[in-house]
Amino acid sequence: MDDVTRREFLGAGLGSAAVPRLLRRKEWVPAYIQLGETALAERAAALRKIYAACRLCPRCCGVDRLRGRKGVCGGAARAKISSAHPHFGEERPLVGRGGSGTIFFSNCNLRCVFCQNWEIAHEGR
């Protein structure tokens with residue numbers, strides 16, 4: 001019974017035609033591991049292509065971030081992180097014992113008028 005997933009156990013009453021073959025725990029690989037093995041290099045190449053004539057946001061400023069130019073957002077080719085720390089302000093199932101983690105990036109391109117994180121998001125610190 002250890003090798004049966006919860007989905008298999010609950011779906012067993014539906015009959016075998018309704019439940020496709022499910023992977024056993026030993027066969028299952030998390031999506032982030034699969035991404036690292038296959039598509040991560042492809043996504044990095046696609047990002048470099050976008051950075052050559054920046055189209056990351058709806059403003060589509062078209063600057064070449066790979067050559068150090070900065071567009072509307074003020075961001076260069078490398079993301080600027082203002083702060084990163086554990087976050088405990090959510091329900092216990094979401095944050096666990098160590099916090100859910102929070103990352104604030106600087107150089108936001110949205111420029112919202114009522115931004116509560118203006119200093120972090122727009123001043124490039």
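Look up: the structure comes first, before these words.
Cut-off values and rules
Residues numbered from 1 in each chain as written. Predicted model: local features only at pLDDT ≥ 70, side-chain atom pairs only at ≥ 80, totals over all residues. Heavy atoms only, no water. Patch = residues over 30% accessible without salt bridge, like charges linked within 9 Å, V, L, I, M, F, W, Y side chains within 5 Å. Areas by Shrake-Rupley, 256 points an atom, 1.4 Å probe, with all protein chains shown as cover. Salt bridge = Lys/Arg side-chain N within 4 Å of Asp/Glu carboxyl O. Helix = DSSP H or I, 4+ residues; strand = E, 2+ residues; numbered from the N terminus. Contact = heavy atoms within 4.5 Å. Phe/Tyr/Trp six-rings, centres within 6.5 Å; stacked < 30°, edge-to-face > 60°. Lys NZ or Arg CZ within 6 Å of the ring centre and 35° of its normal. Buried < 20%, exposed > 50% of the residue type's maximum accessible area, 1.4 Å probe, protein only. Disulfide = S-S within 2.5 Å. 1 Å grid on protein atoms, 1.4 Å probe; cavity = no way out; pocket = protein on both sides within 12 Å on 5 of 7 lines; lining within 4 Å. Points joined across faces, edges and corners; volume = space filled by probe spheres on them. Nonpolar A, V, L, I, M, F, W, Y, C, P; charged D, E, K, R; others polar.

Digging into a nonpolar patch on the surface
Item 1. Taken together, the side chains of Val29, Tyr32 and Ile33 present a nonpolar region at the surface, about 280 Å² in accessible area.
Item 2. Inspection of the secondary structure assignment puts Ile33 in helix 2 (residues 31–37).

Here's the deal with the side chain of Thr102
Item 1. With respect to the helices and strands, Thr102 occurs in strand 2 (residues 102–105).
Item 2. Other than its neighbours up to four places away in sequence, Thr102 contacts Ser83, Ala84, His85 and His87.

Some thoughts on the pattern of salt bridges
Oppositely charged side chains can form a pair if their charged atoms are brought close together.
Item 1. Considering all chains together, one arrives at one salt bridge under this definition.
Item 2. As a salt-bridge pair, Asp64 and Arg67 come within 3.1 Å of each other at their nearest N and O atoms.

A word on the packing of aromatic side chains
Item 1. Summed over the entire model, instances satisfying the criterion amount to zero aromatic pairs.
Item 2. Across from the ring centre of Tyr51, 4.6 Å away, lies the NZ or CZ of Arg65, which sits over that ring.

Quick notes on unusual backbone geometry
Item 1. Although it is not a glycine, Cys60 adopts a positive phi angle of roughly 45°.
Item 2. Along the chain, Cys60 turns up in the loop between helix 3 (40–52) and strand 1 (81–85).
Item 3. What makes Cys60 partly exposed here is its relative accessible area of 38%.
Item 4. A positive phi angle, near 65°, is found at Asn107, a position not held by glycine.
Item 5. For Asn107, a relative accessible area of 15% translates into the label buried.

As for the state of the cysteines
Item 1. Overall, the coordinates contain zero disulfides when judged by the stated rule.
Item 2. Of all cysteine sulfurs, the one in Cys108 lies closest to Cys112, which takes part in no disulfide; the gap is 6.1 Å.

Some words on the layout of surface pockets
Where empty space is left becomes clear once a probe the size of a water molecule has been rolled over the atoms.
Item 1. By volume, the largest pocket is sized at about 250 Å³.
Item 2. Along the wall of the largest pocket there are 18 residues; nearest its centre are Arg65, Cys73, Ser106, Asn107 and Asn109.
Item 3. Taken together, the residues of the lining of the largest pocket break down into eleven nonpolar, four polar and three charged.

Nothing here speaks to function; it is geometry throughout.
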